[in-house]
Structures are given as C-alpha cells and as structure tokens.
Amino acid sequence: MEEKMNFFKKVWTSIRDFEKYGEFAAGKLSSAIKYILILTIIFTATITLAYTYKFYTVVESGKEYISHNIENMKIEDRKT
C-alpha cells in the first residue's frame with residue numbers, strides 16, 4: 001500500500017529526488033491539481049507580502065521626503 005505524503009514532504013521530495021517523479025505522475029489528477037493550487041497560493045502570498053512591504057517602504061520614504069523637504073506654505077491674501 002502506498003504511503004500518504006504530506007504537502008511539505010511532497011515538496012521536499014520533488015526538489016530532492018527526481019526518480020520519484022514517476023510516482024507523482026502515476027498519482028490521481030485531483031491530487032496533482034490540489035498540489036499545484038497549494039503551491040500557487042503559497043507563492044502568491046509570499047510575492048504579495050514582499051510587494052506590500054516594498055510599497056509601504058516607498059510610501060514611508062515619500063512621506064519623510066515631503067515632511068523634510070517641503071517648507072510650510074502659508075496662503076495670505078490668496079497668494080502663496
């Protein structure tokens with residue numbers, strides 16, 4: 001009887017043992033689709049977090065630039 005592999009063991013095996021690809025190919029299609037979906041979700045979440053952090057740092061540096069480099073403006077008699 002074939003042993004059930006958890007997701008992380010499948011990932012490690014697919015990276016480490018190229019000989020096991022035959023076993024993965026012989027598996028059910030639903031199992032392969034679920035494996036690809038989980039990998040896609042993990043990859044998407046990682047990329048989303050990275051871009052969110054990058055966007056946050058850009059916005060913060062923009063806020064800092066504006067607060068330090070733009071002088072206070074006063075409007076008197078409709079003139080700046």
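Given the structure is predicted, the values throughout are model-derived calculations rather than measurements.

**What to know about the overall build of the protein**
So, point 1. Within the protein, the secondary structure is distributed over 3 helices and 0 strands.
So, point 2. Along the protein, helices and strands appear, N-terminal first, in the series α-α-α.
So, point 3. Split into buried and exposed, the 80 residues of the protein put 9% on the buried side.
So, point 4. Total accessible area computed for the protein in this model is approximately 8,000 Å², and 64% of it derives from carbon and sulfur atoms.

**Considering the pattern of salt bridges**
So, point 1. Inspection of the entire model under this criterion finds 2 salt bridges.
So, point 2. Of the charged contacts, one joins R16 and D17 as a salt bridge, the two residues approaching to 3.5 Å between their closest N and O atoms.
So, point 3. What makes R16 partly exposed here is its relative accessible area of 46%.
So, point 4. By relative accessible area, D17 is classed as buried at 17%.

**Brief notes about the confidence of the model for the protein**
When pLDDT is low, close inspection of the predicted coordinates is not appropriate.
So, point 1. Per-residue confidence for the protein gives a mean pLDDT of 82; residues scoring 70 or more make up 88%.
So, point 2. Here helix α2 (residues 21–26) is the element of the protein with the lowest mean pLDDT, 76, and helix α3 (residues 29–69) is the one with the highest, 91.

**Regarding the side chain of K10**
So, point 1. Topologically, K10 is positioned in helix α1 (residues 7–16).
So, point 2. Polar side-chain contacts of K10 include one of 3.1 Å to the side chain of S31.
So, point 3. The residues contacting K10, other than those within four sequence positions of it, are M5, F24, S31 and Y35.

**Comments concerning a nonpolar patch on the surface**
So, point 1. On the surface, F8, I38 and I42 cluster together into a nonpolar patch covering about 290 Å² of accessible area.
So, point 2. By the secondary structure assignment, F8 is in helix α1.
So, point 3. For F8, a relative accessible area of 62% corresponds to the exposed category.

**Some remarks on the side chain of T13**
So, point 1. Along the chain, T13 falls in helix α1.
So, point 2. For T13, the contacting residues outside a window of four places in its chain are M5, K20 and F24.

Calculation criteria
- Residues numbered from 1 in each chain as written.
- Predicted model: local features only at pLDDT ≥ 70, side-chain atom pairs only at ≥ 80, totals over all residues.
- Heavy atoms only, no water.
- Helix = DSSP H or I, 4+ residues; strand = E, 2+ residues; numbered from the N terminus.
- Buried < 20%, exposed > 50% of the residue type's maximum accessible area, 1.4 Å probe, protein only.
- Areas by Shrake-Rupley, 256 points an atom, 1.4 Å probe, with all protein chains shown as cover.
- Salt bridge = Lys/Arg side-chain N within 4 Å of Asp/Glu carboxyl O.
- pLDDT = per-residue confidence, 0-100.
- Polar contact = N/O pair within 3.5 Å; in protein donor to acceptor, adjacent residues only side chain to side chain.
- Contact = heavy atoms within 4.5 Å.
- Patch = residues over 30% accessible without salt bridge, like charges linked within 9 Å, V, L, I, M, F, W, Y side chains within 5 Å.

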